[in-house]
Amino acid sequence: MAAGKIFSEKDSKLALDVVQLVWANPFSGERIEIERRLLGLGSGSRLSMEEFSRLLELPAQLLDRGRRRLAEAGGKSASDFDIYQQIAFFELFHQFAPDFDRLINDAHERGSAGRRITFYDRFEKLLDYWVPAGLGGEYQGFPASRLFAVYFQVRRAYYHIVHYIVGESDAARQLRSRVWQSIFTHDMERYQRVLTERLGDVITLITGPSGSGKELVARGIGLSRFIPFDATNRQFEEDFVRAFYPVNLSALSTNLIESELFGHRKGAFTGALKDRKGYLETCGPYGTVFLDEIGETEVAIQVKLLRLLQTRVFSPIGDTESLHFRGKIMAATNRDLAEEIDSGRFREDFYFRLNADRIHTPSLKDILANNASELERLVGFIARRVAGPEGSSLTAEVCDFIRKEMPAEYPWPGNFRELEQCVRNVLIHGDYTAEEFHSKRKVPEWQRRFEQGEFTADELLSEYVTRLYKETPNYEALGRRLDLDRRTVKKYVKADS
Ligand SMILES: Nc1ncnc2c1ncn2[C@@H]1O[C@H](COP(=O)(O)OP(=O)(O)OP(=O)(O)O)[C@@H](O)[C@H]1O
């Protein structure tokens, strides 16, 4: 019997568009286009909440109609079964998004995610409703638990990217999209088919100025790695919140870096009183070791790390045994590594090894240069975090302060971190003075004219006498102080003071 079709002619086109949506990077411009096309809207910006809810009804309606024809069309052998199945995945993902979000939130609040996942049974049941297990119980060649694990990863990635990288500037959007690619590549369908367990081998290097969010990006990627689900005991194989190991290399001596990363055996050096596991050993297959400030490391450490990256093998200090590193390595630096290589401080071979997947976090100055209104949005975000329900009044205060007291082109050398300090200082002291800011603070008009030599002698004297008159508002007394007679003082005090 020739294979039938699950979808009618009319539904088929819509179904193909929905499948594109299933695999599109949610932070890409392409995704917006697909969403708008599905709703019959012309090109434009992101969907409103109401439009998005309308969009989510489409796959559910398609599935309903498809499910009724599923058996008749030949089930698994229907020519469009794979399309039907992918739409079912999409529907299921959205149905369970609130459950996954709760799981992620709770894990962050408690600092641990390790517990039985109670909604897995419900998940299997619904999956079985849309794609009956009688059709084989495998979904694109994988068991339901694998699908569940991919959903959890997708939801974690979405959650962390949205929570960690804020803002509506093009730079923020591009960064979100790039981070998504770092987790899933640009071809998510291929990722879920063959790469889930392989992408951990790829090293990610994050560059960008200090305080621009490099660690945040690293954390977002590290906490969003694929983690298999064990359907027998209803648990994920790794606690995602505990799978990120950041090491600030600039804060440690060469010996300490080795000890922290590689670990040591008892007696390996003075003070090594017992065996100690390093992060490379503690980190499991779904974990991430983050080497922060990699540009600050001595060449000797670079050589050891290069060996680790090439062979994924290391030995604790004082041990000859080789251990296998199973996790992912990420690194970050605010230095210009090309310059460091030229000056002989950074090994070129090490750089090329690190440079497989590169992400750049933009400076706040660059973000604001293309989008001035972004400052208020970012201040609002920080203020809500700092002052909770008073967030909007604090936002207004901070924006007012910045507008009146800070130079229009202030470059925010400390980037996002400095903006956070500014918000906190205005909250606590009603004021903010940074080193850099101090030197660029708006100079009073009289000082500027003085420095530019714009005063005549009379104007200068008038400025001076008027300023002092505010402290000593008595012509007689001020005359004595300045060694001038009363009438001369009066003549120089400006009329409006
Ligand atoms: N794009 C962003 N969105 C939200 N918060 C941000 C962003 N970038 C940075 N931050 C905040 O700024 C602070 C500094 O971020 P982070 O430590 O990630 O910067 P960094 O680039 O790693 O800095 P350094 O080079 O000094 O280590 C953090 O408190 C972080 O929450």
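Residues numbered from 1 in each chain as written. Predicted model: local features only at pLDDT ≥ 70, side-chain atom pairs only at ≥ 80, totals over all residues.

Per an unreviewed UniProt entry, the protein chain carries the name Sigma 54-interacting transcriptional regulator and comes from Rubellicoccus peritrichatus.

(A) Structural view of helix H4 (residues 81-110). Compared with an ideal rise of 1.5 Å per residue, which puts 30 residues at 44 Å, H4 spans 42 Å between its outermost C-alpha atoms and is within 8% of the ideal. Of all the bends in H4, the greatest reaches close to 45° and is centred on Phe96; the proline Pro98 follows between one and four positions later. One or two steps after H4, the chain reaches Gly111, where phi turns positive at roughly 75°. (Helix = DSSP H or I, 4+ residues; strand = E, 2+ residues; numbered from the N terminus. Expected span 1.5 Å × (residues − 1). Bend = angle between axes of the 7 residues up to and from the residue.)

(B) Seen up close, the packing of helix H7 (residues 170-184) against helix H9 (residues 214-222). Running from amino to carboxyl end, H7 crosses H9 at an angle of 40°, the nearest separation of the two axes being 10 Å. You can see that H7 and H9 cross each other, and the crossing is right-handed. Counting all contacts with H7, which are made through Val179, Ser182 and Ile183, the residues of H9 involved are Val217, Gly220 and Ile221. Taken together, the residues of the contact of H7 with H9 break down into 4 nonpolar, 2 polar and no charged. (Axes fitted to C-alpha atoms, helices over the stretch in contact; angles between N-to-C directions. Left-handed = near helix turned anticlockwise from the far one by under 90°. Contact = placed C-beta atoms within 7 Å. Nonpolar A, V, L, I, M, F, W, Y, C, P; charged D, E, K, R; others polar.)

(C) Here's a closer look at the site of the ligand. Close to the ligand lie 16 residues; Ser210, Gly213, Lys214, Glu215 and Phe416 are nearest. When residues of the shell around the ligand are traced back to their parent elements, those giving at least two are H9 and helix H18 (415-429). Of the residues belonging to the shell around the ligand, the class tally is 4 nonpolar, 7 polar and 5 charged. Here the shell around the ligand spans two domains, and each of domain 2 (229-362) and domain 3 (370-440) adds at least three residues to it. (Near = placed C-beta within 6 Å. Domains from an automatic or database assignment.)

(D) Examining the packing of H4 against helix H5 (residues 120-130) more closely. Orientation of H4 relative to H5, taken along the N-to-C sense of each, is 150°, at an axis distance of 10 Å. Relative to H5, the element H4 is oriented roughly antiparallel. Crossing geometry of H4 relative to H5 is assigned as right-handed. Across the interface between the two elements, Ala88, Glu91, Leu92, Gln95 and Phe96 from H4 touch Phe123, Leu126, Leu127 and Trp130 from H5. In terms of residue class, the contact of H4 with H5 is made up of 7 nonpolar, 1 polar and 1 charged. (Parallel < 35°, antiparallel > 145°, perpendicular 65-115°, else oblique.)

(E) Representation of helix H17 (residues 391-405). Taking 1.5 Å of rise per residue, 15 residues should cover 21 Å, and H17 covers 21 Å from first to last C-alpha, within 8% of that figure. The complete set of buried residues in H17 reads Leu394, Thr395, Val398 and Ile402. Buried residues of H17, seen end-on, are gathered within an arc of 105° and therefore sit on one face of the element. When the buried face of H17 is taken as reference, the exposed residues oriented beyond 90 degrees from it are Ser392, Ser393, Asp400, Arg403 and Lys404. Residues of H17 that are buried sit in contact with helix H16 (374-387) and H18. (Buried ≥ 20, exposed ≤ 12 C-beta atoms within 10 Å, placed from the backbone. Arc of directions from axis to C-beta.)

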